[in-house]
There are 4 protein chains.
Amino acid sequence: MNKYSKIIEVKGHLIDSLVLTKIFDRVMDLDGKFEVMKISVGKLKTDESYAKLRVIGKNKTHLSEIMTALHREGATTKTQKNCKTKSALKNMVFPDNFYSTTNNHTAIYHNNKWVDVDNMMMDKCIVVKGNNAKCVPIREVKKGDKVVVGEEGIKVSTPERPREGMNVFQFMGSGSSSERPTQHIARKVAEDIINTKKKRGKIVLVGGPAIVHTGAADAVAKMIKTGHINAVLAGNALAVHDVEYATLGTSLGMKVKDGTLAVRGHRNHMDAINSVFKAGSLKKMVQQKKLRRGIMYECVKKNIPFVLAGSLRDDGPLPDVITDIAEAQREYKKVLKDASMVIMVSTMLHSIATGNMLPANVKVIVIDINQPTVTKLMDRGTWQALGIVSDVGAFLPMVANQIGGKK
Amino acid sequence: MNKYSKIIEVKGHLIDSLVLTKIFDRVMDLDGKFEVMKISVGKLKTDESYAKLRVIGKNKTHLSEIMTALHREGATTKTQKNCKTKSALKNMVFPDNFYSTTNNHTAIYHNNKWVDVDNMMMDKCIVVKGNNAKCVPIREVKKGDKVVVGEEGIKVSTPERPREGMNVFQFMGSGSSSERPTQHIARKVAEDIINTKKKRGKIVLVGGPAIVHTGAADAVAKMIKTGHINAVLAGNALAVHDVEYATLGTSLGMKVKDGTLAVRGHRNHMDAINSVFKAGSLKKMVQQKKLRRGIMYECVKKNIPFVLAGSLRDDGPLPDVITDIAEAQREYKKVLKDASMVIMVSTMLHSIATGNMLPANVKVIVIDINQPTVTKLMDRGTWQALGIVSDVGAFLPMVANQIGGKK
Amino acid sequence: MNKYSKIIEVKGHLIDSLVLTKIFDRVMDLDGKFEVMKISVGKLKTDESYAKLRVIGKNKTHLSEIMTALHREGATTKTQKNCKTKSALKNMVFPDNFYSTTNNHTAIYHNNKWVDVDNMMMDKCIVVKGNNAKCVPIREVKKGDKVVVGEEGIKVSTPERPREGMNVFQFMGSGSSSERPTQHIARKVAEDIINTKKKRGKIVLVGGPAIVHTGAADAVAKMIKTGHINAVLAGNALAVHDVEYATLGTSLGMKVKDGTLAVRGHRNHMDAINSVFKAGSLKKMVQQKKLRRGIMYECVKKNIPFVLAGSLRDDGPLPDVITDIAEAQREYKKVLKDASMVIMVSTMLHSIATGNMLPANVKVIVIDINQPTVTKLMDRGTWQALGIVSDVGAFLPMVANQIGGKK
Amino acid sequence: MNKYSKIIEVKGHLIDSLVLTKIFDRVMDLDGKFEVMKISVGKLKTDESYAKLRVIGKNKTHLSEIMTALHREGATTKTQKNCKTKSALKNMVFPDNFYSTTNNHTAIYHNNKWVDVDNMMMDKCIVVKGNNAKCVPIREVKKGDKVVVGEEGIKVSTPERPREGMNVFQFMGSGSSSERPTQHIARKVAEDIINTKKKRGKIVLVGGPAIVHTGAADAVAKMIKTGHINAVLAGNALAVHDVEYATLGTSLGMKVKDGTLAVRGHRNHMDAINSVFKAGSLKKMVQQKKLRRGIMYECVKKNIPFVLAGSLRDDGPLPDVITDIAEAQREYKKVLKDASMVIMVSTMLHSIATGNMLPANVKVIVIDINQPTVTKLMDRGTWQALGIVSDVGAFLPMVANQIGGKK
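From a predicted model like this one, the values you see are computed outputs, not experimental measurements.

All names here are of chain A. As assigned here, chain A comprises domain 1 (1-79), domain 2 (80-161) and domain 3 (168-403). Between the C-alpha centres of domain 1 and domain 2 the distance comes to 22 Å. In this complex, domain 1 contributes 13 residues to the contact, which on the side of domain 2 involves 15 residues. Between domain 1 and domain 2, a total of about 1,200 Å² is buried, with carbon and sulfur atoms accounting for 43% of that surface. Put simply, domain 1 and domain 2 have one residue pair in polar contact (both at pLDDT 80 or more) between them. For the side of domain 1 that touches domain 2, the secondary structure elements donating two or more residues are α2 (60-72) and β4 (76-77). The leading source of residues in the side of domain 1 that touches domain 2 is α2, at three residues.

Right, here's the structure in full:
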């Protein structure tokens with residue numbers, strides 16, 4: 001019998017969601033050993049599985065290292081201890097040994113019962129107040145906050161892979177999108193959007209200016225109008241180019257209708273910026289009837305939330321842009337609250353930012369023509385995302401056509 | 001007055017086609033000097049320009065080096081000398097100092113007059129027979145052939161950039177395609193195809209299997225049926241996947257209609273290969289009514305030429321595939337003869353191969369989702385190509401829809 | 001008790017190698033059900049696991065479909081039946097319902113015992129002769145050959161993930177290479193090469209011309225000289241540019257030493273081709289002392305096998321190039337026989353071709369600057385490959401330096 | 001004689017810098033005509049050229065449109081009129097018809113003489129104060145500022161292409177970097193850095209976190225220490241990962257020294273962030289001897305300016321990060337003032353932002369492994385940039401080694 005061993009348990013869709021594989025991997029990567037004491041896989045696919053393992057380390061420290069890694073994968077120890085907290089000694093400073101969160105559903109064992117952590121995001125801490133626990137970013141930590149430390153008394157559950165009906169996530173399950181029929185993928189995405197709306201889910205678009213440049217602005221505006229997009233998260237550029245297209249009919253100075261270059265077209269996006277400053281804001285521009293179509297127009301008309309986050313490369317930026325990124329992050333999070341589906345289009349910056357703010361059970365679709373962008377996003381932890389490598393200017397109009405007037 | 005100098009002349013659309021810029025560049029890159037003696041730019045854009053320069057080298061060798069470089073850019077010397085030839089001493093061996101061709105229009109000064117070289121291709125030699133000159137690849141050189149050597153008596157003309165009407169080449173003139181409206185580009189490509197057919201031009205498709213995987217096979221089959229594609233150059237994979245899709249309804253084992261995986265779908269492409277071997281050839285398979293739709297079917301039905309060139313990665317390959325690549329090159333060249341427009345879709349191998357066989361005045365459109373592929377093709381000398389970075393599975397159906405039944 | 005059910009068993013590293021996960025996935029993807037009857041995971045990581053499941057279909061056909069899919073993942077049924085064969089009715093035609101191979105280790109149940117299939121490759125058939133079984137491509141099938149049909153009596157085993165020591169495969173286990181320290185990866189690759197040689201393993205290089213263009217030719221030549229590369233598989237271009245660099249000191253016409261453009265440098269690669277034709281072959285060129293350095297020189301000197309496969313885009317091609325790709329495939333396979341490690345550098349064509357010829361237990365390292373190339377190769381079934389996204393011109397010299405004179 | 005015509009003049013390196021080509025292009029693109037009245041190209045390459053053209057429009061508006069386009073390319077009219085200004089009616093609002101700037105050197109004709117515009121940047125306006133003119137972004141425009149309107153009285157000069165000696169810009173002049181010898185390019189970049197320092201030029205690094213992840217942090221730190229980098233512009237991520245590497249020896253949780261995963265390594269970057277908050281700032285952390293090596297350490301030690309600009313995807317961000325991007329833009333601009341060379345490494349966001357702030361005559365080198373990133377940056381107007389597609393983790397150490405201790 002090994003002196004340095006501990007018994008762990010895991011429950012859930014262990015095999016389907018690769019939890020067991022990851023646990024075995026971690027132990028071996030860390031040069032530990034394990035014995036399987038009991039394993040019962042759900043008799044039917046809807047059943048949960050259960051596993052009990054003895055994990056063996058070389059010495060106390062080694063064992064504790066392994067246990068730390070396993071907790072993160074969802075393992076719990078039989079004799080559950082309460083999680084520990086320490087007080088923050090200053091504003092915006094975590095106590096040492098703070099627990100750093102994942103974007104998976106997390107519960108803490110507190111006062112001898114499991115408490116779900118609210119507002120899960122990646123790479124934050126957990127603050128306990130009374131019987132509640134909340135995921136909190138470093139800049140919002142206040143002196144005296146009780147912050148969870150160590151890895152004990154924490155339970156993480158990886159979401160199951162979605163298998164409900166024949167949705168696009170299942171369709172794309174294996175292989176790369178660049179070898180799948182584009183028209184069919186577009187149809188599946190449209191169906192998923194329609195189904196999400198049927199269940200009154202909230203759909204958030206995160207979009208970059210390529211939506212306008214590639215000629216997909218009309219498709220997106222229509223999806224907002226018909227209620228299939230319920231919030232827009234973007235930066236300055238999407239709004240600027242949308243206004244340029246809506247007011248001057250050009251995109252980067254080229255007339256979209258006939259493809260000729262507009263005279264002094266190079267200044268059109270600056271002209272668009274100036275026209276918003278003149279009106280005071282996008283909303284006022286709509287009220288003054290200076291902005292009569294496009295993505296931003298539909299957002300104002302439908303009264304759906306949009307947040308424009310500033311970035312270092314902005315021209316202007318527009319008066320509507322939140323130039324302080326810490327504040328922009330807070331506003332993004334508010335909009336993302338309760339989102340069922342997030343569609344990320346041609347913007348690595350806003351997509352990665354949004355990905356970090358989302359709990360892992362939200363459906364995410366990423367559309368970009370550049371494969372490394374799609375790969376990078378998934379590598380950064382937004383692993384639940386479905387990546388579609390396609391031309392936005394062709395793909396989004398297809399999706400919008402499929403949706404049509406349906407709801 | 002410099003001892004080592006020579007006077008050169010150039011004619012044509014010197015400025016518009018950057019010829020003058022390149023000549024100045026070459027002299028400076030080679031550390032030479034020049035004086036502009038005369039320059040007359042066409043008063044109207046349709047006029048030709050003329051320039052006369054004195055080029056100055058440090059010594060005889062240096063001057064000769066510079067002259068060599070300038071000849072290649074289209075410069076001629078006043079006192080034109082006949083080009084020189086040497087006999088090939090063996091089959092498949094050029095004489096030393098052979099002239100290596102560009103894909104631009106080329107003439108040689110032979111028996112005191114200019115003779116156009118037939119069948120221009122890149123990186124070949126010129127063989128003179130009587131009063132004729134022909135561009136010939138190394139493996140077709142026969143012992144005794146008179147091969148042009150040195151750089152004297154050779155005149156190269158760079159084609160003008162196309163400016164006829166508002167075609168897609170002009171539309172795309174500047175900037176990158178990934179920031180242009182996709183639907184508009186598709187419309188322009190469709191117009192160019194229609195206009196080319198109106199002038200009874202020959203349109204050749206060079207395509208890879210992604211046409212089938214991404215769901216664009218129906219669009220291409222339709223364009224063949226309506227006479228908008230007049231020849232198909234491809235490899236084994238396009239034909240195999242086209243037959244798989246046509247006979248089994250799957251692409252890489254996935255049912256295209258509903259996106260589910262076919263049972264034993266992994267073997268479907270091998271089954272498709274076997275079915276062609278069983279019939280004997282694609283043509284026989286059509287005759288035996290075993291192949292009733294798709295790209296290869298339409299080629300056989302319309303009786304248009306198709307060449308399938310073997311490649312090292314082929315499964316099978318099909319009996320129709322020419323496994324000897326030297327022979328496949330010859331067959332490709334026959335089909336490309338007199339082509340007005342070549343559309344290259346998602347295949348770097350066949351596109352670069354075709355690019356090397358084409359004179360520079362043939363219109364080339366390259367469509368691929370991977371930007372480096374498009375860039376690489378243009379870097380390799382097919383500079384006249386128009387590169388479109390888009391999703392083939394979305395782009396080609398758009399083009400086909402735009403063309404519709406029109407002719 | 002369900003009428004349409006069957007009991008399957010699987011053995012091996014079920015969880016570590018994801019076999020169990022895949023089996024559950026397949027059943028669910030095909031809308032079947034399962035019950036876990038027994039599962040025993042090896043107590044220690046070196047132990048094999050065992051699972052017994054009841055698989056349930058809606059009807060006989062459905063069940064048989066599911067069973068077909070599970071056989072492919074390594075499941076066997078308790079009451080093992082002999083595999084079935086049918087005779088090929090013609091040369092180069094499989095019988096209907098032929099079994100299409102994977103690149104995993106495969107055995108057939110023949111005459112009541114398990115027989116290993118020799119020479120495993122992807123997408124071929126299995127021919128049985130006496131008590132032996134061999135993997136055979138379609139063009140080598142002869143009339144009368146007994147070809148395995150259906151999926152019964154076939155057992156496939158997925159190789160374990162390598163865990164021996166701290167090798168580069170383990171190091172790179174998770175995450176993408178573009179976020180790993182390049183110098184460290186190079187060191188690990190060097191260590192793996194050295195260790196492979198210590199065990200007298202055979203290392204094969206599959207390389208494209210970028211090796212020369214990016215300035216890595218000296219590094220590769222050195223690795224051949226010191227015995228760390230034991231065979232070279234390539235195309236015409238690598239050899240042509242290697243000879244250009246070795247004889248004229250240029251790469252694509254640019255002097256590598258000082259970065260200036262050589263006079264008439266554009267014809268240097270044609271000159272290199274001509275010099276090989278003149279000598280008769282690369283070997284003769286070395287014997288005639290016309291070729292005195294470089295990759296091809298070292299191959300000839302060390303007397304190691306090299307195969308140059310023709311491709312449609314070849315200039316020339318060199319006399320050493322096998323222009324018939326069916327023959328080139330056969331020569332590639334001969335060289336790959338018994339390879340322990342294959343290093344694929346900057347050539348999608350030859351890499352995919354080689355990947356298809358390799359059994360899954362051979363270590364494969366793919367190095368390319370273009371991420372989609374790396375991804376594509378792995379998607380095509382060479383899943384065991386380790387992908388490194390780096391600049392070949394910087395990476396290979398690092399590896400060569402690390403190896404140094406060591407052996 | 002055409003009623004709607006005007007005579008324009010241009011001076012400078014007309015042909016070498018493509019100015020004349022662009023002017024002819026613009027006239028033809030806009031469907032105008034032109035006659036060349038006089039053209040004199042510098043007899044020697046150092047001489048300026050001069051051209052005089054009559055430009056002909058269909059009517060007054062058409063002619064004026066053409067003239068507008070030509071002014072932007074550097075054309076002036078003989079009878080130079082003073083430029084016009086209008087007062088801004090509100091803070092942060094341009095007057096209608098404002099002139100939108102390029103990043104090229106610009107002068108305005110004001111009070112009958114040419115006045116150079118200070119602080120040139122792209123897409124801004126020009127404010128005139130007394131006899132001075134200054135380029136000003138929209139948010140800095142104050143009510144009453146005299147802003148230049150229209151296109152008259154403005155002269156733009158495109159910088160000459162650099163030809164001084166054999167520098168890396170000349171070396172890379174044509175072709176794509178991915179087919180050039182990497183080691184040689186690295187040597188050339190090193191030489192350019194050394195030469196720039198010899199002339200006491202200021203070198204600014206714009207860098208992303210991949211510098212740390214790919215293992216190039218030591219090389220960059222060394223270049224700061226030896227005085228070859230004189231300012232650092234970055235975001236939160238570079239600093240966070242640099243601190244993680246410097247204090248914990250890991251990059252994204254992996255021990256750089258031996259490639260093993262650190263226990264709880266996933267929280268290391270959050271730990272690094274917390275350690276900076278604890279110290280109060282990066283500078284204080286150095287003073288408290290908590291930060292003893294790395295890029296940020298060397299910046300503090302050498303007392304060179306660094307600006308960390310916030311972005312929406314930041315974790316933390318660090319207390320040193322400027323979270324308001326309008327302020328960050330101002331700080332970036334201060335640092336970029338008088339820069340001779342800017343090296344942009346693996347960060348599209350900061351590179352494009354910086355590109356927009358730079359006058360066109362500053363040397364820019366962009367290094368990234370992803371070709372589309374490099375292309376995108378150049379397409380956005382930073383056309384003078386030299387793009388190098390390589391692996392940063394291999395390339396920068398090569399450059400640093402080449403520089404060595406030299407100065």
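Moving on to the interface of chain C and chain B. In this complex, chain C contributes 59 residues to the contact, which on the side of chain B involves 58 residues. Roughly 5,300 Å² is buried in total at the junction of chain C and chain B, and carbon and sulfur atoms are behind 56% of that figure. For the pair chain C and chain B, the number of links is six salt bridges. One salt bridge connects Arg264(B) with Glu151(C), and the closest N-O pair in it is separated by 2.7 Å. Top contributing element to the side of chain C that touches chain B by residue count: helix α8 (residues 268-279) of chain C, with seven residues.

Here the focus is unusual backbone geometry. Comment: phi is negative for the bulk of residues other than glycine, and the bulk of peptide bonds are trans. Geometrically, the link from Gly316(B) to Pro317(B) is a cis peptide bond, its omega value of -15 degrees lying close to zero. By the secondary structure assignment, Pro317(B) is in the loop between β16 (306-309) and α11 (325-336). Of note in this structure, Met92(B) is not a glycine but carries a positive phi near 60 degrees. As for its placement among the helices and strands, Met92(B) is situated in the loop between β5 (84-87) and β6 (105-110). Of note, Asp123(D) is a non-glycine position whose phi angle comes to about 60 degrees, a positive value. As for its placement among the helices and strands, Asp123(D) is situated in the loop between β7 (113-118) and β8 (125-129).

For the rest of this paragraph, the subject is the side chain of Arg264(B). Secondary-structure assignment places Arg264(B) in the loop between β15 (254-255) and α8 (268-279). A polar contact is formed between the side chain of Arg264(B) and the side chain of Asn97(C), at a distance of 2.4 Å. Engagement of the side chain of Arg264(B) in a polar contact is seen with the side chain of Glu151(C), the distance being 2.7 Å. Those residues in contact with Arg264(B) that sit more than four places away from it in its chain are Thr68(C), Asn97(C), Phe98(C), Tyr99(C), Gly150(C) and Glu151(C).

With that settled, consider the packing of helix α7 (residues 236-248) of chain D against helix α10 (residues 295-302) of chain D. Residue and element names in this part refer to chain D. As a packed pair, α7 and α10 sit with axes 7 Å apart at the nearest point and diverge in direction by 100 degrees. By the angle class used here, α7 and α10 are roughly perpendicular. Counted together, Leu-238, Ala-239 and Asp-242 of α7 and Ile-295, Met-296 and Tyr-297 of α10 form the full contact between these two elements. Looking at side-chain class alone, the contact of α7 with α10 contains five nonpolar, no polar and one charged residues.

All right, on to the relation of the copies chain C and chain B then. Each copy of the sequence occupies a distinct position, and chain C is placed on chain B by a rotation of 180 degrees and an axial shift of 0.0 Å, giving an RMSD of 0.0 Å. Taken together, these values place the two copies in the relation of a two-fold axis. Residues of chain C ranked by C-alpha distance from the rotation axis are headed by Asp324(C), positioned 2.0 Å from it. When the interface residues of chain C are mapped onto chain B, 97% of them again lie at the interface, so the same face is used by both copies.

Residue and element names in this part refer to chain C. If you walk across this open sheet you meet the seven strands as β5-β10-β8-β9-β7-β6-β11, and the pairing is mixed. One side of each edge strand has no neighbouring strand; the edge strands of this open sheet are β5 (84-87) and β11 (154-157). This sheet shows a mean twist of 35 degrees between the axes of neighbouring strands, independent of strand direction.

Residue and element names in this part refer to chain B. Pairing in this open sheet of seven strands is mixed, and the strands run β5-β10-β8-β9-β7-β6-β11 from one edge to the other. The open sheet has two edge strands with one neighbour each: β5 and β11 (154-157). Taken pair by pair, the neighbouring strands of this sheet meet at an average axis angle of 35 degrees, ignoring direction. Bridge analysis of strand β8 (residues 125-129) against strand β10 (residues 146-149) gives two bridges, and the strand direction is antiparallel. From the neighbouring strand, Val-127 faces β10, where its bridge partner is Val-147.

Attention shifts here to helix α12 (residues 348-357) of chain C. Burial of α12(C) is extensive: nine of the ten residues sit out of reach of the surface. Among the residues of α12(C), Leu349(C), His350(C), Ser351(C), Ile352(C), Ala353(C), Thr354(C), Gly355(C), Asn356(C) and Met357(C) are the ones counted as buried.

What follows concerns the side chain of Glu151(D). Locating Glu151(D) in the fold gives a position in the loop between β10 (146-149) and β11 (154-157). In this view, Glu151(D) contacts Arg264(A), His266(A), Arg267(A), Thr68(D), His71(D) and Tyr99(D); residues no more than four positions away in its chain are not counted.

Mapping chain D onto chain C is achieved by rotating through 180 degrees and translating by 0.0 Å along the same axis, at an RMSD of 0.1 Å. Same-surface contact between copies: 100% of interface residues of chain D are shared with the interface of chain C.

This paragraph deals with the pattern of salt bridges. Residues and elements named next belong to chain B. One pass over the full model with this rule turns up 44 salt bridges over all chains. The shortest N-O distance in the salt bridge between Lys-188 and Glu-191 comes to 3.8 Å. On the criterion of helical spacing, the pair formed by Lys-188 and Glu-191 is a turn pair, its members being three residues apart in helix α4 (residues 182-198). You can call Lys-188 buried: its relative accessible area is 7%.

Take the interface of chain D and chain C next. Contact residues are listed per partner, giving 29 residues for chain D and 29 residues for chain C. Both sides of the chain D and chain C interface together cover about 2,300 Å² of buried area, and 59% of this is carbon and sulfur. Remark: the boundary between chain D and chain C carries zero salt bridges. The interface formed by chain D and chain C includes six residue pairs in polar contact (both at pLDDT 80 or more). Residue assignment for the side of chain D that touches chain C shows that the elements contributing at least two residues are α4 (182-198) and α14 (392-403) of chain D. In terms of residue count, α4(D) provides more of the side of chain D that touches chain C than any other element does, five residues in total. A class-by-class count of the residues in the side of chain D that touches chain C yields eleven nonpolar, eleven polar and seven charged.

All told, the structure shown has twelve aromatic pairs over all chains when counted by the stated rule. Aromatic pair Phe24(C) and Phe34(C): ring centres 4.5 Å apart, planes at 5 degrees, arrangement stacked. Of this pair, Phe24(C) sits in helix α1 (residues 19-29) while Phe34(C) is found in strand β2 (residues 33-40), placing the two residues ten residues apart along the sequence. Residue Phe34(C) is classed as buried on the basis of its relative accessible area, which comes to 3%. The ring of Trp114(D) has Lys155(D) sitting right over it, with the charged end atom 4.3 Å from the ring centre.

Looking now at the environment of Lys302(A). All names here are of chain A. Here Lys-302 shows up in helix α10 (residues 295-302). Distance in space between the C-alpha atoms of Lys-302 and Tyr-50 is 48 Å, their sequence separation being 252 residues. When neighbours within four sequence positions are excluded, Lys-302 is seen to be in contact with Ile-224, Lys-225 and Gly-227.

Cut-offs applied
Residues numbered from 1 in each chain as written. Chains lettered and ligands numbered in written order. Predicted model: local features only at pLDDT ≥ 70, side-chain atom pairs only at ≥ 80, totals over all residues. Heavy atoms only, no water. Domains from an automatic or database assignment. Contact = heavy atoms within 4.5 Å. Buried area = accessible area lost by both parts, 1.4 Å probe. Polar contact = N/O pair within 3.5 Å; in protein donor to acceptor, adjacent residues only side chain to side chain. Helix = DSSP H or I, 4+ residues; strand = E, 2+ residues; numbered from the N terminus. Salt bridge = Lys/Arg side-chain N within 4 Å of Asp/Glu carboxyl O. Axes fitted to C-alpha atoms, helices over the stretch in contact; angles between N-to-C directions. Parallel < 35°, antiparallel > 145°, perpendicular 65-115°, else oblique. Nonpolar A, V, L, I, M, F, W, Y, C, P; charged D, E, K, R; others polar. Least-squares fit on C-alpha atoms with pLDDT ≥ 70 in both. Pairing = 2+ DSSP bridges. Buried < 20%, exposed > 50% of the residue type's maximum accessible area, 1.4 Å probe, protein only. Phe/Tyr/Trp six-rings, centres within 6.5 Å; stacked < 30°, edge-to-face > 60°. Lys NZ or Arg CZ within 6 Å of the ring centre and 35° of its normal.

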